[in-house]
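# A closer look at the structure
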Amino acid sequence: MTGLRYVYAVCRPFGTPLQAQLTGVGGDPPRLVPHRDLVAVVSHVPEADFAEESLRAHLEDLDWLTAVARAHQGVIDALTTVTTPLPLRLGTVFRDDSGVRSMIEAREENFLRGLDRLEGRVEWGVKVYLESEPEQAPERPAPQPAAMSGRDYLRRRREQTRSREDQWQRAETFATRLHANLAGFAEDSRLHAPQNPTLSGHRGRNVLNAAYLVPRGESEAFVEQVERTKDDSPGLRVELTGPWAAYSFAGEEAAGEEPAGGRTAGEGTT
Amino acid sequence: MTTPSRLPDPYGQGSSANLADILERVLDKGVVIAGDIKINLLDIELLTIKLRLVVASVDKAKEMGIDWWESDPALSSRARRDELARENAELRERLARLEELEPRRAEEETP
């Protein structure tokens, strides 16, 4: 009757209180549901919005999804400043606090293992973009393709194709080297699918989309390392985002056994 | 160009954070747990979202710099025009190749 429980993350108990004005999904402040050695961070959300059917419908609504995604990320971000959260995927919802507790209990070991692994680490995102095709074809005296002879036209096309291929080659070499370099520096790394430039609203073609797990203390050095590459390569743009909670590194272990059919009571895994 | 600050400031985050970066993480990464409310996020791949977006509000999408469908012939008349332009270019290329052969043949013919 006080709504459903939207779970953002699982953490170890932390001393520092969250910012008082922090709000989560739907404007409800994040609350803590402690259980044994773990704490779930939850918000109360209205059943009208988060029951199965309405949630499914809402998720197709980009405005709604954007608001929830930003709220979710906002809470995770706030948690990252005071502890190391294990972020859950958007839309993890339980009926009540006791449902949340039995979920924690069922996955306690995985959570603890994951938290140990990520303790004190953050994620940095690095993307490389190939800036839009160069306008200047080597020789192109007049912008009047119709007046060009077939042979000139053909030659121009060949040159353009070649320069585009060169660019790709260069972008790939650059991205490969950058990734090797950063992966060597980081504790762990993940390559993500390149982002569709349309959703990101970024110009240029995304040729590298990677995440790096870096201890907080080494973040400054990591950032410098990325910054240093930025001027290296004309036509290529390096973009750094972070520090994020270790989203890209949180999934594997805890996702191991998915209790199909909502079997959330802990019965051991054997 | 490197101005090392003691603690790295957040890069590309906050309210201006790239929506794609956020969605990529909160929808696609992170720990997956089946809650009491069963939702299969795979049903709402980002592509679906984008497609819906096109149907829902083209102007808004453009405002956000989203215009990928414009190059998709199935969705855009301009893309179909581009497709014609491409075909046209292909034909020109073939013509050019023929033209290249032509002088030689002409030489052979005239003694």
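For chain B, the name recorded in an unreviewed UniProt entry is Gas vesicle structural protein, with Streptomyces erythrogriseus as its organism. In its Subcellular location (unreviewed entry) section, the UniProt record describing chain B reads: "Gas vesicle". UniProt annotates chain B under Sequence similarities (unreviewed entry) with the comment "Belongs to the gas vesicle GvpA family."

Chain A appears in an unreviewed UniProt entry as GvpL/GvpF family gas vesicle protein from Streptomyces erythrogriseus. As recorded by UniProt, the Sequence similarities (unreviewed entry) comment attached to chain A reads in full: "Belongs to the gas vesicle GvpF/GvpL family."

### Details of the domain arrangement of chain A
Residues and elements named next belong to chain A. Entries for chain A in the domain assignment read domain 1 (4-119) and domain 2 (122-248). One C-alpha centre belongs to domain 1, the other to domain 2, and the line joining them spans 34 Å. Each side of the interface is counted separately: domain 1 has six residues, and domain 2 has five residues. Residue contributions to the side of domain 1 that touches domain 2 peak at three residues, all from helix α3 (residues 62-82). Broken down by class, the residue content of the side of domain 1 that touches domain 2 amounts to five nonpolar, one polar and no charged.

### Describing the packing of helix α5 (residues 150-185) of chain A against helix α7 (residues 219-229) of chain A
Residues and elements named next belong to chain A. Viewed as axis vectors pointing N to C, α5 and α7 meet at an angle of 170°, and their least axial separation amounts to 11 Å. The angle between α5 and α7 places the two elements in the roughly antiparallel class. The handedness of the crossing between α5 and α7 comes out as right-handed. Residue-level contacts link Leu 178, Leu 182 and Phe 185 of α5 to Phe 222, Gln 225, Val 226 and Thr 229 of α7. In terms of residue class, the contact of α5 with α7 is made up of five nonpolar, two polar and no charged.

### As for the confidence of the model for chain B
Residues and elements named next belong to chain B. Of all residues in chain B, 41% have pLDDT values of 70 or greater, and the mean over the chain is 66. Across chain B, element-level confidence peaks in helix α1 (residues 19-28) with a mean pLDDT of 84 and bottoms out in helix α2 (residues 46-56) with 51. The low-confidence segment residues 1-7 (pLDDT under 50) makes eight contacts with residues lying over four places distant or belonging to another chain. Scoring the predicted complex yields pTM 0.72 and, for the interface, ipTM 0.81.

Cut-off values and rules
Residues numbered from 1 in each chain as written. Chains lettered and ligands numbered in written order. Predicted model: local features only at pLDDT ≥ 70, side-chain atom pairs only at ≥ 80, totals over all residues. UniProt positions renumbered as here; feature names shortened; annotations may be inferred. Domains from an automatic or database assignment. Contact = placed C-beta atoms within 7 Å. Helix = DSSP H or I, 4+ residues; strand = E, 2+ residues; numbered from the N terminus. Nonpolar A, V, L, I, M, F, W, Y, C, P; charged D, E, K, R; others polar. Axes fitted to C-alpha atoms, helices over the stretch in contact; angles between N-to-C directions. Parallel < 35°, antiparallel > 145°, perpendicular 65-115°, else oblique. Left-handed = near helix turned anticlockwise from the far one by under 90°. pLDDT = per-residue confidence, 0-100.

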